[in-house]
Amino acid sequence: MLSRTAANLYWLSRSMERAECLARILDATNRLTSLPQADSETNEWDSAIATAACAEAFRLNYEIANEQTVTEFLAFSPYNPSSILNCIETARQNARAVRTALTVEMWDAINGAWHELKRFENRRLNRDDFSRFLTFVKDASLAYDGSAYRTMLRNDGYWFSRLGILVERADATARILDVKYHVLLPEKERVGGQIDYFQWASILRSVSALTSYYWVYKESVKPWLVADLLIRNPQMPRSLASCYENLTRYLDDLAQFYGRQGHSQRLARAMLTKLSNTTMDEIFQGGLHEFIQSFIAENNRLGNAITEQYLT
Amino acid sequence: MAVGFDEMRAANGQVRPAYLVLSDWLKRVPPDVLDYRRREAETIFRRMGITFAVYGETESTERLIPFDIIPRILTAKEWAFLARGLTQRVKALNAYIHDVYTKREILRAGIVPEDLVYQNPVFRPEMNGKPVPHDSYLQIAGIDVVRTGEDKFYVLEDNTRVPSGVSYMLENREIMLRLFPELFARHAVAPVENYTDELLATLKSVAPLSAPGDPAVVILTPGIFNSAYFEHSFLADKMGVELVEGRDLFVKSNVVYMRTTEGPKRVDVIYRRVDDDFLDPLVFHPDSVLGVPGLMSAYHAGQVTIANAVGTGVADDKAVYSYMPEIVKFYLGEEPLLANVPTWRCREPEHLKEVLSRLPEIVVKEVHGSGGYGMMVGPAATKETIELFRNKLMREPEGFIAQPTLALSTCPTFVESGIAPRHVDLRPYVLNGRDRVRVVPGGLTRVALNEGSLVVNSSQGGGTKDTWVLDR
């Protein structure tokens, strides 16, 4: 397979996944700010920007973070290279560049989303419209993911598309956890109040895991259990452990297919081992923030290794 | 200008035999059914992303070429004649290009004037005396043919660089098969879908001798912003070959490789859809990022075939066109089967005088123009346009040719007012391999959708039709 084709499949999937993550972040933030107790000193819109990892670019364009500016920047801004709008635009460009490596169903999903997007662009959306927009983005990502899963040949093309999704997903989960933990666990550690409950629930919601949480832990939402679910629980499809289980698997598939192991296989396996051998106690002792920061850096390193090994 | 020949109804109003079934069907089918099918076709085209970009338009950069759902029908006999004529013409074109870059016998014999070659901006001195694999220069040609009567076919233009549009020929058929299975059941329509197999066989047949038994073929595209990108990816897909951009290729020790996820792989034949100028920044445009540095050196070393060869543009300029009958006779010793449209070469003072006196009734074309740009159709032109061309002609006569306005044939076409005759042309695609010439029966029929218009180019409001060649 051409390296460029592999790169397009990888980035196409990453962009679609990123669009979905942004939609989830915006959705959760909207919910939080519509709570009656929303007068706390933390600004949810600031934290949305931090979670999306684009605070710097945001500050270049806006003075304050509020519903209007953050929504505009994360969803529609042409100046934000990874706004939802640009993600879908990029995804379609990647898709066009490798049209023949996609199945008709995948192309339909992306091309359809791109055409649908035009209906929301350049239009003032009220909250209802906007929530419909977010649903549309999540559906588009599901349709893309599902069509890839159900129609693609299981060969290198498929594996590269999966790698893109998983690297992006691991990054998003880590960031959501990091930012919210910062905001939600001040020195006093007064946990368990009404606001906290909704805050924690919103984290889970933003990774589509609220129901799963109850199924797994069968108790009310506790910060350390949320961290456990999102970091170590391999049953939870957006957890770091699950992402790395799958990254390792698909990288191994590639290595077998091409008959050669490389740097990216080693990096993925090392991280998987680390995630399964470290207890939550150990993570908290060393500091959750530190743990996640080092995870994000490692995850980036894996992305670079994949690029170097296959995509250039 | 005379009334055009209608391909469904002869001059006496009788339906021509090839159209009997279709005409009967058209009479019975309710207009709203036709309209429904037309919209269905449009949806399919859009969903499949079969679009083209119009240069100079910023608004909607992706447009559909309008598709007319009424097929154009040619009989087996008509096609057999065309196929023979096309084969002959393409052989002569290849011989001409070979001669221009080697012995130049035709120039020395005084048949084609030297400056038509040497002053031609697409003449490539880099190719002088350089061998190409199997002396094969022109593998893929699009020969534009028009019709003016029962047995009157003319070649309007030879496209010998990177002719496009063949994906429309194939997709139009695909869509017609989906929309009108009942019509196919009642006609014996010769298939066209083997085109891509024939193309691959043609490309493999011209691989360099150094290539392995099963040569590696790729299509080289300028990228997704090119107006014909859809076609490039379509053809790559149907042939099962890689669609590469310049940056996917590199040259080492005069061998061309592509970058793959498993490391470098050798490339033997490049079907390029990139113009000469952009192929190799070391030889042509130094700032081009579309090409491959070192490609020309690998090419001259005989390690790779470029199809069409570099420099084939010397054969498709409109001034050279006017010499085609002599070119056919010179190389093949045969009378040309397909006629040329009589052409005035404005470079010749006698011709220029004639042209200037008849501007409102004739067609004037830029020698190097294409795609319907840079031409004037006298009977449809405004006074201003005519004066503009008069000035151009007097300033730079060698830049133009002129032809009588032909009464192009018409075919029934589904337009807003119902079914009405519209002017058509035909672009068959001729594949010229080392082993033989292959022409799939049919081609791309382009139709001028505006009433009375003679310009069929998609950039100028033209549409396309499926072209049926009846098997018997």
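Residues numbered from 1 in each chain as written. Chains lettered and ligands numbered in written order. Predicted model: local features only at pLDDT ≥ 70, side-chain atom pairs only at ≥ 80, totals over all residues. Heavy atoms only, no water.

### Structural notes on the overall build of chain A
Quick note on the threshold: We count a stretch as a helix when DSSP gives it H or I for four or more residues in a row; a strand needs E for two or more, and each element gets its number in order from the N terminus. Just to be clear, the radius of gyration here is over C-alpha atoms, and the globule rule we use is 2.2 Å times residues to the power 0.38. Relative accessibility thresholds used throughout: buried, under 20% of the residue-type maximum; exposed, over 50%; partly exposed, between the two (1.4 Å probe, protein chains only). It only takes one pair of heavy atoms within 4.5 Å for two residues to be counted as in contact. Per-residue and other accessible areas follow the Shrake-Rupley method at a 1.4 Å probe size, with only the shown protein chains counted as cover for residues. A residue counts as positive if it is Lys or Arg and as negative if it is Asp or Glu; His and the chain ends are not included. Taken as the charge centre is NZ of Lys, CZ of Arg, CG of Asp or CD of Glu, depending on the residue.
On a plain count of helices and strands, chain A comes out with 15 helices and zero strands. Here the C-alpha radius of gyration of chain A, 19 Å, is about what a compact globule of 312 residues would show, namely 20 Å. For the C-alpha atoms alone, the extent of chain A along its principal axes is close to 55 × 50 × 35 Å. Split into buried and exposed, the 312 residues of chain A put 57% on the buried side. Intrachain contacts of chain A at a sequence separation of at least 6 include 66% that bridge at least 24 residues. When the accessible surface of chain A is split by element, carbon and sulfur atoms take 50% of a total near 14,000 Å². Positive and negative charge centroids in chain A, built from 35 and 37 side chains respectively, lie 5 Å apart.

### Observations concerning the overall build of chain B
Along the backbone of chain B there are 14 helices and 21 strands. Relative to the compact-globule value of 23 Å for 472 residues, chain B shows a C-alpha radius of gyration of 22 Å, a close match. Overall, the C-alpha framework of chain B stretches about 65 × 55 × 45 Å when taken along its three principal axes. Buried positions account for 58% of the 472 residues belonging to chain B. Counting only carbon and sulfur atoms, one obtains 52% of the accessible surface of chain B, whose full area is about 19,500 Å². Within chain B, the 62 negative side-chain charges are centred at a point lying 3 Å from the centre of the 54 positive side-chain charges.

### A short note on the packing of aromatic side chains
Operational definition: Pairing of aromatic side chains requires ring centres within 6.5 Å, counting the rings of Phe and Tyr and the six-membered ring of Trp. Pairs whose planes differ by under 30 degrees are stacked, by over 60 edge-to-face, and all others tilted. Two thresholds decide whether a charge sits over a ring: the Lys NZ or Arg CZ must be within 6 Å of the ring centre and within 35 degrees of the ring normal.
All chains considered together, the criterion is met by 30 aromatic pairs over all chains. Ring centres 5.3 Å apart and planes at 70 degrees place the aromatic pair phenylalanine 160 of chain A and tyrosine 310 of chain A in the edge-to-face group. One end of the pair, phenylalanine 160 of chain A, is in helix α8 (residues 156–184); the other, tyrosine 310 of chain A, is in helix α15 (residues 288–311), and 150 residues separate them in sequence. By the burial criterion, phenylalanine 160 of chain A is buried, and tyrosine 310 of chain A matches it. Through a chain of ring-to-ring contacts, three or more aromatic side chains come together here, namely Phe76, Phe120, Phe130, Phe133 and Phe136 of chain A. Across the ring face of phenylalanine 120 of chain A, the terminal group of arginine 119 of chain A is positioned such that the distance to the ring centre comes to 5.6 Å. When the ring centre of phenylalanine 389 of chain B is taken as reference, the NZ or CZ atom of lysine 392 of chain B above it lies at 4.7 Å.

### Examining the pattern of salt bridges
Put simply, the rule is: The salt bridge definition used is simple: a Lys or Arg side-chain nitrogen within 4 Å of an Asp or Glu carboxyl oxygen.
Tallying each qualifying case throughout the model produces 52 salt bridges over all chains. For arginine 127 of chain A, the salt bridge goes to glutamate 67 of chain A, with nearest N and O atoms at 3.0 Å. With arginine 127 of chain A in helix α7 (residues 127–151) and glutamate 67 of chain A in helix α4 (residues 67–76), this residue pair connects regions lying 60 residues apart in the sequence. Taking the shortest distance from any N to any O, the salt bridge between aspartate 277 of chain B and arginine 124 of chain B comes out at 3.2 Å.

### Section: the sheet that holds strand β15 (residues 400–404) of chain B
All names here are of chain B. Definition in use: Strands were regarded as paired on the criterion that DSSP finds at least two bridges between them. For helices, the axis comes from a line fit to the C-alpha atoms of the stretch in contact; other axes are also lines fit to C-alpha atoms, and the angle between any two N-to-C directions lies between 0 and 180 degrees.
Read from one edge to the other, the open sheet built from four strands follows the order β12-β15-β13-β14, with strand pairing classed as antiparallel. Looking along the sheet, the strands with just one partner apiece sit at the ends: β12 (344–345) and β14 (375–377). Summarising the sheet, β12 and β15 pair through two bridges and their orientation is antiparallel. When the sheet's bridge partners are listed, tryptophan 344 is paired in β15 with alanine 402. In the packing of helix α14 (residues 383–395) onto the sheet, the strands contacted are β13 (362–366), β14 and β15, and the crossing angle to β14 comes to about 130 degrees.

### Topic: the packing of helix α1 (residues 3–33) of chain A against helix α5 (residues 84–97) of chain A
Residue and element names in this part refer to chain A. Keep this limit in mind: In these notes the angle categories are as follows: under 35 degrees is roughly parallel, over 145 is roughly antiparallel, 65 to 115 is roughly perpendicular, and the rest is oblique. With the far helix as reference, a near helix turned anticlockwise by less than a right angle produces a left-handed crossing, and one turned clockwise produces a right-handed crossing. For this classification, the nonpolar set comprises Ala, Val, Leu, Ile, Met, Phe, Trp, Tyr, Cys and Pro, the charged set comprises Asp, Glu, Lys and Arg, and every other residue, Gly included, is treated as polar.
The geometry of α1 relative to α5 is characterised by a closest axis approach of 8 Å and an angle of 160 degrees between their N-to-C directions. With respect to α5, the element α1 is oriented roughly antiparallel. Considering only the axes of α1 and α5, their crossing is left-handed. When α1 is examined against α5, the residues Arg4, Asn8, Trp11, Leu12, Ser15, Met16, Arg18, Ala19, Leu22, Ala23 and Leu26 are found in contact with a partner set consisting of Ile84, Cys87, Ile88, Thr90, Ala91, Asn94, Ala95 and Ala97. Among the residues making up the contact of α1 with α5, the classes are represented as 13 nonpolar, four polar and two charged.

### Describing the sheet that holds strand β8 (residues 263–266) of chain B
Residues and elements named next belong to chain B. On the basis of which strands lie adjacent, the open sheet formed by three strands has the order β6-β7-β8 and antiparallel pairing. If you trace the sheet from one side to the other, it starts and ends with β6 (249–252) and β8, each paired once. Neighbour-to-neighbour, the strand axes of the sheet open up by a mean angle of 40 degrees, direction not taken into account.

### Describing the environment of asparagine 457 of chain B
Residue and element names in this part refer to chain B. Within the element layout of this structure, asparagine 457 appears in the loop between β20 (444–448) and β21 (462–469). Asparagine 457 sits in the buried class, given a relative accessible area of 13%. Along the chain, asparagine 457 and tyrosine 373 lie 84 residues apart, while their C-alpha atoms are 9.1 Å from each other.

### A look at the confidence of the model for chain B
Residues and elements named next belong to chain B. For clarity, the threshold we go by: Along the chain, pLDDT gives the predictor's confidence residue by residue, from 0 to 100.
On average, residues of chain B carry a pLDDT of 92, and 95% of them reach 70 or more. Within the model, the stretch residues 56–60 combines pLDDT values under 50 with one contact to residues more than four positions away or in other chains. We note a pTM of 0.83 for the whole complex and an ipTM of 0.78 for its interfaces.

### So, a nonpolar patch on the surface
Residues and elements named next belong to chain A. Selection rule: The patches described consist of residues with a relative accessible area above 30% and no salt bridge, like charges being joined within 9 Å and nonpolar side chains (Val, Leu, Ile, Met, Phe, Trp, Tyr) within 5 Å.
There is a patch of nonpolar side chains on the surface, built from Tyr197, Phe198 and Tyr214 and spanning about 240 Å² of accessible area. Mapping tyrosine 197 onto the fold places it in helix α9 (residues 194–206). What makes tyrosine 197 partly exposed here is its relative accessible area of 32%.

### Considerations on the interface of chain B and chain A
Selection rule: Here's the idea: put two parts together, see how much 1.4 Å probe accessible area each one loses, and the total over both is what we call buried area.
The interface is formed by 21 residues belonging to chain B together with 23 residues belonging to chain A. Here chain B meets chain A over a buried area of about 1,900 Å², counting both sides, of which 46% is carbon and sulfur. Summed over the shared surface of chain B and chain A, the number is two salt bridges. Between arginine 4 of chain A and aspartate 248 of chain B there is a salt bridge, with the nearest N and O atoms lying 2.6 Å from each other. For the side of chain B that touches chain A, the secondary structure elements donating two or more residues are α2 (31–47), α9 (229–239), β5 (242–244) and β7 (255–260) of chain B. In terms of residue class, the side of chain B that touches chain A is made up of seven nonpolar, four polar and ten charged.

### Remarks on the packing of helix α12 (residues 240–258) of chain A against α15 of chain A
Residue and element names in this part refer to chain A. Here α12 crosses α15 at 15 degrees, and the two axes come no closer than 13 Å. When the axes of α12 and α15 are compared, the pair comes out roughly parallel. Crossing of α12 against α15: the hand is left-handed. Residues Leu240, Tyr244, Leu247, Leu251, Leu254, Ala255 and Tyr258 of α12 pack against Phe295, Asn299, Leu302, Ile306 and Tyr310 of α15. When the residues that make up the contact of α12 with α15 are grouped by side-chain class, the tally is eleven nonpolar, one polar and no charged.

### Some thoughts on the pairing of strand β2 (residues 140–149) of chain B
All names here are of chain B. Within β2, ten of the ten residues are buried, which leaves the element mostly enclosed by the surrounding structure. Relative to strand β18 (residues 429–432), β2 runs antiparallel, the two being bridged by three bridges. Residue pairing in the sheet places glycine 142 in a bridge with tyrosine 429 of β18. Both β2 and strand β3 (residues 152–159) contribute to a ladder of seven bridges, which runs antiparallel. When the sheet's bridge partners are listed, isoleucine 143 is paired in β3 with aspartate 158. A loop of two residues connects β2 with β3, the two strands running antiparallel in sequence.

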